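# Coordinate inspection notes
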Protein chains: 2
Amino acid sequence: MKHQDLLFTNDVASALDKLINDAGSPLTFILVDDNTRRHVLPLLLENSTTLAGAKIISVKPGDVNKNLDSLSCIWTQLQEGGANRKSMLVNLGGGMITDMGGFAASTFKRGIRFINVPTTLLSAVDAAVGGKTGINFNGLKNEIGVFNEADAVIISTCFFSTLPVAEVRSGYAEMLKHGLIDNNDNYNRLLGYRVEDADATHLLSLLQESVMVKRRIVEEDPHEHGIRRALNLGHTVGHAFESLAMRRGNPIPHGFAVAWGCVAELVLSHMKTGFPSPELQRFAQYVYESYGTFPITCEDYPELIELMHHDKKNMSSDINFTQLGNIGEILIDRTASEDEIKTALDIFRDLTHQ
Amino acid sequence: MKHQDLLFTNDVASALDKLINDAGSPLTFILVDDNTRRHVLPLLLENSTTLAGAKIISVKPGDVNKNLDSLSCIWTQLQEGGANRKSMLVNLGGGMITDMGGFAASTFKRGIRFINVPTTLLSAVDAAVGGKTGINFNGLKNEIGVFNEADAVIISTCFFSTLPVAEVRSGYAEMLKHGLIDNNDNYNRLLGYRVEDADATHLLSLLQESVMVKRRIVEEDPHEHGIRRALNLGHTVGHAFESLAMRRGNPIPHGFAVAWGCVAELVLSHMKTGFPSPELQRFAQYVYESYGTFPITCEDYPELIELMHHDKKNMSSDINFTQLGNIGEILIDRTASEDEIKTALDIFRDLTHQ
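Residues numbered from 1 in each chain as written. Chains lettered and ligands numbered in written order. Predicted model: local features only at pLDDT ≥ 70, side-chain atom pairs only at ≥ 80, totals over all residues. Heavy atoms only, no water.

A few words on the overall build of chain A. Within chain A, the secondary structure is distributed over 14 helices and 10 strands. Relative to the 2.2 N^0.38 estimate, which gives 20 Å for 354 residues, the radius of gyration of chain A is 20 Å and therefore close to what a compact globule would have. For chain A, the spread of C-alpha atoms along the three principal axes comes to 60 × 40 × 35 Å. Sequence-distant contacts, at least 24 apart, represent 77% of the contacts inside chain A between residues at least 6 apart. Accessible area of chain A: about 13,600 Å², with a carbon and sulfur share of 49%. Positive and negative side-chain charges of chain A, numbering 32 and 44 respectively, have mean locations separated by a distance of 6 Å. (Helix = DSSP H or I, 4+ residues; strand = E, 2+ residues; numbered from the N terminus. Rg over C-alpha atoms; globule rule 2.2 N^0.38 Å. Contact = heavy atoms within 4.5 Å. Areas by Shrake-Rupley, 256 points an atom, 1.4 Å probe, with all protein chains shown as cover. Lys, Arg positive; Asp, Glu negative; His and termini not counted. Charge placed at Lys NZ, Arg CZ, Asp CG, Glu CD.)

Now the structure itself:
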């Protein structure tokens, strides 16, 4: 894995200027979507000394546009803009922009340099570190891509004030997950913060701690052969909730699904590996207060279990879970029977006041 | 760079069977073009014990089809064939197949395993080792791709009997280039062989020596920041010859252009860095006898020089050359003035009996 600069600052323009100067002031391109072009790019251009000559590449927002057509447009604009092997691409946006821009840069002339500037909490905590780049293809998420770290990532909280609070809450769920797999101190600090406080400085320090958890794990296992699967905590059930909501025509934010998924998978951890009951109840209460619940009945169980079977992390017919023995005690590649999953879903409903 | 198995054998089916068994007999896909599907695949299927269940992916032949449409078809067929992260892709064909198949495998689900089985001498000696994968894009060659070594490459000479002799001769030019940058022994052995001998066993041993030259250089500099540019010997002038021939509507085989390009660039080496005159004359004579010449007049010089200026290896306004002080004495990142290049082209014409 190449060395990646990871910068935590709310003075993004200065950080970017320094990186671009240090890189020898190459021809620079900035990838944005319609949202970040309107709300974030002007702030950056106003305060930067190096971006005046940068070329702007704009794509339509939303995961639905994280596709081969958009990618092909980015490649074409790099080409027409005269990008060479020394050029730099700055990806300014949420996970869709950092994923697709990272892949475009990794493959243009067999790889040019790129810097990620995540503008949502979800992309800051999750998508901008770890080297996963890619696009959706033929209806499958992230089907095409490569593992390749950005040359630098600038993490800030100053753009979040332009976002709906539910969007920030959604990203915070991934931080909670990192707290659960890290240790009690980190975890307790996270439960002590409320997203509605909107304290950019406090949140930046929590975010730094959270990103470093992910970074440590990814450095240990860049290609997800083992311990990196710890990061899947909450995601087996969470993805099933997300897909069910999609089928119902009522999509839910990814982070909300992860928060609820973590509750359900901690129930399984309690049942199978002794995760302590008081911690489970405390976590479930925090999630209920911040995220409410995902309404299901026992009639939904077969469909949810079928969705879990289709998770791409499964290597056999068993459903793969990450579980915890306690806060910070990670157990990867665990399974559970269908009956155990149904019981866990019953308890999930109780714990979230359904 | 990952460890890559490099196998030299004319029993390709057995070598492939062993690799696939050792890999745990994964779901296997074979990428072919219409030519290798007809002439090579049946030989392989007949003698293999592991390939009976393999899924065949077929694309149209020729560099013109090394494009995003073909790539997208390959991804779709991997997807529809149920490929997962443990699947294996066997690329059976010339450089177009190994380049594009390597890129498809490197990006499908962020990377599956692949084995290259080059079926032309050019792809055996050049394209199948070195980790360059990719496709052409918007009319530019190899514009999109990644550096990623195959998990294994099976090098053989047994399929060459299905090829026109000019095709084999074309590949042999890259071997001559490797001899020039390697040492006298290797070089002399190469000048002692004639392609029309068609001795598969003798050629396999020369080919092995030649591929190992490339491998040593690529391992030292996988991303072409320095010594790997030694492999560009003959290619600055060679590409210009190739492009000029294309514009004239009379395309020439790549290797022929490289052979002639080597003569011209050794003339420059003689002029600028003292490459010995007797060696230059001996090499030029071998090239003339095997490849004839590329007919040019001094009226073509400005166009050739303009083409050299557009070479993607140039980082400044100078034209970049690899030169030799003697056989095996490599000097990268050399330049020459336009007058020097014109003189070298004059001498090239003399040496190749124009």
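This brings us to the nonpolar core. Y172 and F241 of chain A together with Y172 and F241 of chain B are the most contacted members of the largest nonpolar core, which has 198 residues in total. The contacts of Y172 of chain A, once residues within four sequence positions are left out, are L121, L190, Y193, V195, L203, L206, Y286 and Y291 of chain A. (Core = buried A, V, L, I, M, F, W, Y, C linked by side-chain atoms within 4.5 Å. Buried < 20%, exposed > 50% of the residue type's maximum accessible area, 1.4 Å probe, protein only.)

Take the packing of aromatic side chains next. A complete count under the given rule lists 16 aromatic pairs over all chains for this structure. With a centroid separation of 5.3 Å and an interplanar angle of 40 degrees, the aromatic rings of F241 of chain A and F348 of chain A are classed as tilted. Separated by 107 residues along the polypeptide, F241 of chain A in helix α10 (residues 235-247) and F348 of chain A in helix α14 (residues 338-351) bring together distant segments of the chain. The same class applies to F241 of chain A as to F348 of chain A, namely buried. Put simply, the rings of F241, F256, W260, Y291, F294 and F348 of chain A pair up and form one aromatic cluster. The ring of F147 of chain A carries R110 of chain B above its face, with NZ or CZ at 5.8 Å from the centroid. (Phe/Tyr/Trp six-rings, centres within 6.5 Å; stacked < 30°, edge-to-face > 60°. Lys NZ or Arg CZ within 6 Å of the ring centre and 35° of its normal.)

The two copies are related by a screw operation: chain B maps onto chain A through 180 degrees of rotation and 0.0 Å of translation along the axis, at an RMSD of 0.0 Å. Those values place the two copies in the arrangement expected of a two-fold rotation axis. (Least-squares fit on C-alpha atoms with pLDDT ≥ 70 in both.)

Detailed reading of the predicted coordinates is not advisable wherever pLDDT is low. Per-residue confidence for chain A gives a mean pLDDT of 94, with 98% of residues at or over 70. Per the prediction output, this complex has pTM 0.89; the corresponding ipTM is 0.88. (pLDDT = per-residue confidence, 0-100.)

Here we come to the sheet that holds strand β4 (residues 88-93) of chain B. All names here are of chain B. The strand order across the open sheet built from six strands is β1-β8-β5-β4-β2-β3, with neighbouring strands paired in parallel fashion. Both edges of this open sheet fall to β1 (5-8) and β3 (55-59), since each of them pairs with a single strand only. On average, adjacent strands in this sheet sit at an angle of 15 degrees to one another, irrespective of strand direction. By the bridge criterion, four bridges tie β1 to strand β8 (residues 152-155) in an arrangement that is parallel. Pairing of L6 across the sheet is with V153, part of β8. The sheet strands contacting helix α1 (residues 12-22) are β1, β2 (28-33), β4, β5 (113-118) and β8, and the helix crosses β8 at an angle near 165 degrees. (Pairing = 2+ DSSP bridges. Axes fitted to C-alpha atoms, helices over the stretch in contact; angles between N-to-C directions.)

Listed by partner, the interface residues are 28 residues for chain B and 28 residues for chain A. Regarding the contact of chain B and chain A, the summed buried area is about 2,800 Å², with carbon and sulfur atoms giving 57% of it. If you sort the residues of chain B by the area they bury against chain A, Q79, R85 and R110 of chain B come out on top, with a joint share of 27%. Across the contact surface, chain B and chain A share two salt bridges. Measuring nitrogen to oxygen at the nearest pair gives 3.1 Å for the salt bridge that ties K109 of chain A to E143 of chain B. Linking chain B with chain A are 14 residue pairs in polar contact (both at pLDDT 80 or more). Mapped by element, the contributors of at least two residues to the side of chain B that touches chain A are α4 (68-80), α5 (95-107) and β7 (140-144) of chain B. When residues in the side of chain B that touches chain A are grouped by element, the largest group, five residues, is from α4 of chain B. Split by residue class, the side of chain B that touches chain A holds 10 nonpolar, 10 polar and eight charged. (Buried area = accessible area lost by both parts, 1.4 Å probe. Salt bridge = Lys/Arg side-chain N within 4 Å of Asp/Glu carboxyl O. Polar contact = N/O pair within 3.5 Å; in protein donor to acceptor, adjacent residues only side chain to side chain. Nonpolar A, V, L, I, M, F, W, Y, C, P; charged D, E, K, R; others polar.)

Residue and element names in this part refer to chain B. Under the 1.5 Å per step criterion, the end-to-end length of helix α10 (residues 235-247) is 18 Å for 13 residues, consistent within 8% with the ideal 18 Å. Along α10, the positions that sit buried rather than exposed are H235, T236, V237, G238, A240, F241, L244 and A245. For α10, the elements touching its buried residues are α7 (165-182), α11 (254-273), α13 (301-309), β9 (321-326) and α14 (338-351). (Expected span 1.5 Å × (residues − 1).)

On to the packing of α11 of chain B against α14 of chain B, then. Two numbers describe a pair of packed helices, the interaxial angle and the distance between the axes. All names here are of chain B. One can describe the packing of α11 onto α14 by two numbers: an axis separation of 9 Å at closest approach and a directional angle of 120 degrees. With respect to their mutual orientation, α11 and α14 come out oblique. The hand of the α11/α14 crossing is right-handed. Within the contact between the two elements, α11 uses W260, V263, A264, V267, L268, M271 and K272 and α14 uses E340, I341, T343, A344, I347, F348 and L351. Here the contact of α11 with α14 is built from residues that sort into 11 nonpolar, one polar and two charged. (Parallel < 35°, antiparallel > 145°, perpendicular 65-115°, else oblique. Left-handed = near helix turned anticlockwise from the far one by under 90°.)

You can see T49 of chain B is positioned in the loop between α3 (41-47) and β3. Taking the C-alpha atoms as reference points, T49 of chain B and F147 of chain B, separated by 98 residues in sequence, lie 32 Å from one another.

Below, the discussion takes up the pairing of strand β8 (residues 152-155) of chain A. Residue and element names in this part refer to chain A. Burial of β8 is two-sided: the residues A152 and I154 facing one way and the residues V153 and I155 facing the other way are all buried. The pairing of strand β5 (residues 113-118) with β8 spans two bridges and is parallel. Bridge pairing in β8 places I115 opposite A152.

Both trends apply: most residues other than glycine have a negative phi, and most peptide bonds are in trans. Residues and elements named next belong to chain A. For K109, which is not a glycine, the phi torsion comes out positive at approximately 50 degrees. The topology assignment puts K109 in the loop between α5 (95-107) and β5. For K109, a relative accessible area of 16% puts it in the buried group. For H353, which is not glycine, the phi dihedral falls at a positive 60 degrees. Within the secondary structure layout, H353 lies in the segment after α14.

On to the sheet that holds β8 of chain A, then. Residue and element names in this part refer to chain A. The parallel open sheet is built from six strands, whose spatial order is β1-β8-β5-β4-β2-β3. Looking along the sheet, the strands with just one partner apiece sit at the ends: β1 (5-8) and β3 (55-59). Across the sheet, the mean angle from the axis of one strand to that of its neighbour is 15 degrees, orientation sign disregarded. The pairing of strand β2 (residues 28-33) with strand β4 (residues 88-93) spans four bridges and is parallel. Each bridged residue has a counterpart across the sheet, and for F29 the counterpart in β4 is L89. Lying on the sheet, helix α4 (residues 68-80) is in contact with β2, β3 and β4; it crosses β3 at an angle near 165 degrees. Relative to the sheet, α5 contacts β2, β3, β4 and β5, its axis offset from that of β4 by approximately 165 degrees.

A separate point is the environment of A124 of chain A. Residues and elements named next belong to chain A. Along the polypeptide, A124 turns up in helix α6 (residues 121-127). Along the chain, A124 and N136 lie 12 residues apart, while their C-alpha atoms are 20 Å from each other. Excluding residues within four positions of it along the chain, A124 makes contact with P118, I155, F160, L207 and V211.

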